[in-house]
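Given next are the chains, with one letter for each unit.
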Amino acid sequence: MNSGMWQALSPLLALSGGTVVLMLQIAFHRNPRWSVAITQLSLLLGAGLLLWLWPGSDYQSLLLRVDGYALLLNLLFILAAAVTCWLSPAYIALRSEQSGEFFLLLLLATIGAMILAQAVHVASLLLGLELLGVALYALIAYPDRSLLPLEAAVKYLVLSGAASATLLFGFALAYAGTGQLAFTGLSESLALAGSGAYTLVMAASVMIICGLAFKLSLVPFHMWTPDVYQGAPSPVTGFLATVSKGAVFAVFLRAFLETGAYQFPIILNSLAAIAVASMLVGNLLALRQDNVKRLLAYSSIAHMGYLLIVLLVCSDPANHDLAVEAALFYLVAYTVTTLAAFAVLTWPGYEQYQGPEHTELKHLSGLLWHHPLAGLLMLVAMLSLAGIPLTAGFVGKFYLFSAAVTGPHWLLLGSLVVGSGIGIYYYLRVVYYLLRRDDNHALLPNAGWHESCLAVVLLAAVLGLGIAPQSLIGWIQSIL
Amino acid sequence: MNALWLVPLLPLISAVILILGSAWLGRRAVAVLGVGSVGLAALLTARVVTAFLGSGEASTQVLWTWMAVGDFSVQVAAWFDGLTAVMMSVITGVGFLIHLYSARFMAEDDSYARYFAYLNLFVAAMLVLVMADNLLLLYLGWEGVGACSYLLVGFWYKDVANGAAARKAFIVTRVGDTAMALGLFLILAELGTLNIQSVLQLAPGHWATGDTMVVLATVLLLGGAVGKSAQLPLHTWLPDAMAGPTPVSALIHAATMVTAGVYLIARTHGLFLLAPTTLEIIAWLGVLTALLAACSALVQTDIKRILAWSTISQIGYMFLALGVGAFGAAIFHLVTHAFFKALLFLAAGAVIYCLHHEHNIFRMGGLRSRMPVTFVSFLLGASALAAIPFTSGFYSKDVILLAAWQHDPLLFVAGLCGAALTAFYSFRLLFVAFFGPAQQEPDRTIGWVMAVPLGLLCVGALAGGALTLPLTDVFPPAIGVVNHTIEYIAITVTLAAVGLAAWRYLRQRPDPASGGLREFWFAGWRVDALYELLWVRPYCWLAKRTQGEPVDHLYNGIVALARANHRTLSALQTGQLRWYATGMVFGLVVLLAVLMRAAL
């Protein structure tokens, strides 16, 4: 129990403290404004502590490791949570009796995500995953005045439970084969284990991959994605799409590298197959989708497929740094862009009814003319997802390309190119709707300074990362 | 020196503001923004250049690092040496004067903001072109100025002819640009870099003098230069480009953009020195263009078309200088030409402004006493163009003729003929438009806003010859012995041509009679008709034959394939939990089965 440990864990403790305070506040004095304030304050405190730790921290315990990688991702998750918290109050107030607990769950889910980014042990991985997952079930079902969120939550709960069980079974097999549960320990034992343990450990790896692939909605574990994206309240969908997936990917990448799983061709081949399938199936499913949230769900399948390329590239030690850089930049770019898209979908006006959300393409029709700021944000988000230059998405995709061409990954590169090509079609379809003129708009969005501020910040982030990515690239390079 | 990046940025920002705010910016605000941004850029340039002249050291300055991924780095960097300093000074200095002039010239136009937005954008792109430290960025500026030229030639787009002229300018230069792009690819493939300084350093080690590859690369680059600088055989667009507003002709089609080709060759002169064949081609192309264009200028009646043909001819002289290895002389003539040709265009603009858009010089006349400021400007401009002694044009043309003499007397003789023609047509223009009986009365005055740029350019046209350009470190020395005999011959020929013009056009006013040769020259040696026959008609024929778009079937097939796959996959998204769970189990089982097969 030295001071280094307290320092390294202080961001997590700040958020945990925030949940306790929030819980007490809800118990004694319900007031949505207070809840939001407490949530934002603890997120702010957490972010401040992360920056204070920056970048020298390299704390390692049996369960957690707080290094530059974890710090950067934790900061990203906290910022994403802050954006979600900024978006949610008006939305939740319209759709449910009480809104205090929503923020409590949000904080808990963020803590889970942060633990995942720091996890170096199977136990902490599971802890983080379940903390995140259980909080998300409740968040998805939070609006109690309609059935769609409930349906989405149940689907997610059941399937996620199945995935977790698969994952646990995989861990059990790995333990049976090697007697280890820490990532580095697994790697040492793998090297020593004879051929008898080999099959056992490979079966374990495949099951673990399946469990994590579900969370990342990779093909063929992707089917839940559109239903949950559509049913969940928009701010929660944004959170799910960015923080949840980012955290699972973070731990996936770390486990992949530290357990030495990259040495086994069978694992690499499985991952390559999953990546190719995700890139193609995700994009094809999105092709003629009319609901923006479902469209984003399918597109996220493809984007996670793109990200998997990184895992295959970093199996070669020479390209390891470039690949991790690419992954981190891509995650940041994807998170910012996706949050921008969901911020528009949460925009008041689309959400002023308590009934179902209005997220069909036709509801976005002519948005750029009726509400330039919201329209511009959506436009830029779509261009960024499509990977058009001078947006964050382009630099991210370029990074992936330059990482992938370092090795013999032609099939993956080909799928990336084909997938991106298909992607441009449906992203531009949204842009086409945004730009339509001849529509008499039934839902006029009206936004106060609250939404406008956020929109300006997100717009600046997406464009800033595209125009001057070097600042972030330099940051990432400095921590690796 | 660290303010360098602001120089292209200021006009760019102003252009963006003008484009976005055209609806609510007042005319005064538009003028202040449009003229002020370029003026500020000119002041900054003056500061930067002064600092440079003090130290005299060329340097690379990274303006902006877009991204550095692995070994790949995209940097926007400027190479600043004497040549950059000269070009930036011309662009911002002359550019500012022309912007100022435009503030009044275009004052009654409905699209005032659009005009200044394009003009500012042009200045920004032109600055990028001359500041770029690598050929790719240079190409960005190159295409940028091309686009602005297109926009400004077709500025009055409601007249169909103007749109056609703009398209012609764009498409003809595009032919050259394509050649240039191929040249860039070739250089990249051969040398592995597009950074200009690295290319110049690597080239002598990579290629022997006269190597086929370096000849090919330089010829391709020359293709780009020929297109942009309106030299044979891609010169046909420039006379038509006069459809744009007159200040645009002064800035883009006389002072700056059309000389970009000269700049390109001067900037990459290290490559061209390795390819003597290409240099020979350049010299002969230049002198041939100078002669043919001067002949066409001789018989034109439209004041702007005379100046346009004259521009083609004068750039021919610059190419001649490049071809004989006198790069410094080419840039010197570029600078003096920028002064006196901008002056001539602006003076012509003043005439057009005051005479209800009259372009025909035979319907002018007697303007000497009615528009004294314009007359003096025109007189000085024409003198410099004709290379009358002690004007700027005299000094710069003299150096070129001298270099040509030392290279090949035949080139000198051709150049001398061109000089005589130049002197003749410049004074023909002056005498017909400003002397003789008055035909029309000017109905408005030019005011100080237009008079000040004219006055300052007069000073430039007169005294520009006294400038010493800081180019000694950039180019190898070219001229050995100064030969005064050449000078005297040139002076004699020029003065004789002026006398001939006076004799023919001051005594009487011969009408532009028709005749075989005259019409042939008037139509620019009928090159347009030739191209129509050679290229346009076969192309249209081919386009008609492929109207059914047979290639489209391939793309339609791809679309059908994507849609079919989409339908199949969508059918799997049933919304049923049990089905989704089955999907997961399926994935797990397949992966495990593959594993077992591999393991057992």
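Everything numeric here is computed off the predicted structure, so don't read it as measured data.

Engineer: What is the right way to look at the overall build of chain B in this model?
Structural biologist: Counting its secondary structure elements, chain B contains 25 helices and 2 strands. Scaling as 2.2 N^0.38, a compact globule of 600 residues should have a C-alpha radius of gyration of about 25 Å, and chain B matches this with 28 Å. Overall, the C-alpha framework of chain B stretches about 105 × 55 × 55 Å when taken along its three principal axes. Buried residues in chain B amount to 56% of all 600 residues. Of the contacts made within chain B by residues no fewer than 6 positions apart, 81% connect residues no fewer than 24 positions apart. Of the roughly 24400 Å² of accessible surface on chain B, a fraction of 68% belongs to carbon and sulfur atoms.

Engineer: Would you explain the environment of Leu106 of chain A in this entry?
Structural biologist: One can find Leu106 of chain A in helix H4 (residues 100-118). Distance in space between the C-alpha atoms of Leu106 of chain A and Val219 of chain A is 28 Å, their sequence separation being 113 residues.

Engineer: I keep staring at the domain arrangement of chain A and nothing clicks. Help me out?
Structural biologist: Many structure descriptions define interface size as the accessible area lost when the parts assemble. All names here are of chain A. If you check the domain split of chain A, you get domain 1 (8-150 + 223-259) and domain 2 (264-480). Placing the centre of domain 1 and that of domain 2 at their C-alpha centroids yields a distance of 21 Å. Each partner contributes to the interface: domain 1 provides 38 residues, whereas domain 2 provides 43 residues. A buried area of about 3800 Å², summed over both sides, lies between domain 1 and domain 2, and 77% of it is on carbon and sulfur atoms. A per-residue breakdown of the area domain 1 buries against domain 2 is headed by Trp86, Phe249 and Phe256, which together make up 17% of the total. Inspection of the region where domain 1 meets domain 2 yields 1 salt bridge.

Engineer: Just checking my understanding: could you explain the side chain of Asp109 of chain B for this structure?
Structural biologist: All names here are of chain B. Mapping Asp109 onto the fold places it in the loop between helix H3 (82-105) and helix H4 (112-131). The side chain of Asp109 is buried and forms no salt bridge, while Arg114, the nearest opposite charge, is found at 5.6 Å. Among the polar contacts made by the side chain of Asp109, one reaches the side chain of Trp156 at a distance of 2.7 Å. Once you skip the residues sitting within four places of it in the chain, Asp109 turns out to touch Arg27, Phe155 and Trp156.

Engineer: I tried to follow helix H1 (residues 6-20) of chain B on my own but got confused; where do I start?
Structural biologist: Think of an α-helix as 3.6 residues a turn; residues three or four steps apart then line up on the same face. All names here are of chain B. In this model, H1 (15 residues) spans 20 Å end to end at C-alpha, consistent with the 21 Å of a helix rising 1.5 Å per residue. For H1, every residue scored as buried is listed here: Val7, Pro8, Leu10, Pro11, Ser14, Ala15 and Leu18. Projected down its long axis, H1 shows its buried positions confined to an angular sector of 160°, all on one face. Taken together, the buried residues of H1 touch helix H2 (27-55), H3 and H4.

Engineer: Can you help me understand the pattern of salt bridges in this one?
Structural biologist: Two side chains of opposite charge can pair, provided their charged atoms sit close to one another. Scanning the model with the defined rule gives 17 salt bridges over all chains in all. Close ionic contact of Arg65 of chain A with Asp67 of chain A constitutes a salt bridge, the shortest N to O distance being 3.7 Å. The partner of Glu143 of chain B in a salt bridge is Arg174 of chain B, and the shortest N-O contact between them spans 2.7 Å. One end of the pair, Glu143 of chain B, is in helix H5 (residues 135-153); the other, Arg174 of chain B, is in helix H6 (residues 160-191), with 31 residues separating them in the sequence.

Engineer: Can you walk me through the packing of H6 of chain B against helix H8 (residues 212-228) of chain B in this structure?
Structural biologist: For any two helices packed against each other, one specifies the crossing angle of their axes together with the interaxial distance. Residues and elements named next belong to chain B. Where H6 meets H8, the closest approach of the two axes is 7 Å, and the angle between their N-to-C directions is 150°. The angle between the axes of H6 and H8 places the two elements in the roughly antiparallel class. Crossing hand, H6 versus H8: left-handed. When H6 is examined against H8, the residues Thr173, Gly176, Asp177, Ala179, Met180, Leu182, Gly183, Leu184, Leu186, Ile187 and Glu190 are found in contact with a partner set consisting of Met213, Leu216, Ala217, Leu220, Leu221, Gly223, Gly224, Gly227 and Lys228. Considered class by class, the residues forming the contact of H6 with H8 number 11 nonpolar, 6 polar and 3 charged.

Engineer: Help me understand the environment of Met114 of chain A, please; the structure alone is not making it clear to me.
Structural biologist: With respect to the secondary-structure elements, Met114 of chain A resides in helix H4. For the pair Met114 of chain A and Leu73 of chain A, spaced 41 residues apart in sequence, the C-alpha separation works out to 7.6 Å.

Parameters and conventions
- Residues numbered from 1 in each chain as written.
- Chains lettered and ligands numbered in written order.
- Predicted model: local features only at pLDDT ≥ 70, side-chain atom pairs only at ≥ 80, totals over all residues.
- Heavy atoms only, no water.
- Helix = DSSP H or I, 4+ residues; strand = E, 2+ residues; numbered from the N terminus.
- Rg over C-alpha atoms; globule rule 2.2 N^0.38 Å.
- Buried < 20%, exposed > 50% of the residue type's maximum accessible area, 1.4 Å probe, protein only.
- Contact = heavy atoms within 4.5 Å.
- Areas by Shrake-Rupley, 256 points an atom, 1.4 Å probe, with all protein chains shown as cover.
- Domains from an automatic or database assignment.
- Buried area = accessible area lost by both parts, 1.4 Å probe.
- Salt bridge = Lys/Arg side-chain N within 4 Å of Asp/Glu carboxyl O.
- Lys, Arg positive; Asp, Glu negative; His and termini not counted.
- Polar contact = N/O pair within 3.5 Å; in protein donor to acceptor, adjacent residues only side chain to side chain.
- Expected span 1.5 Å × (residues − 1).
- Arc of directions from axis to C-beta.
- Axes fitted to C-alpha atoms, helices over the stretch in contact; angles between N-to-C directions.
- Parallel < 35°, antiparallel > 145°, perpendicular 65-115°, else oblique.
- Left-handed = near helix turned anticlockwise from the far one by under 90°.
- Nonpolar A, V, L, I, M, F, W, Y, C, P; charged D, E, K, R; others polar.

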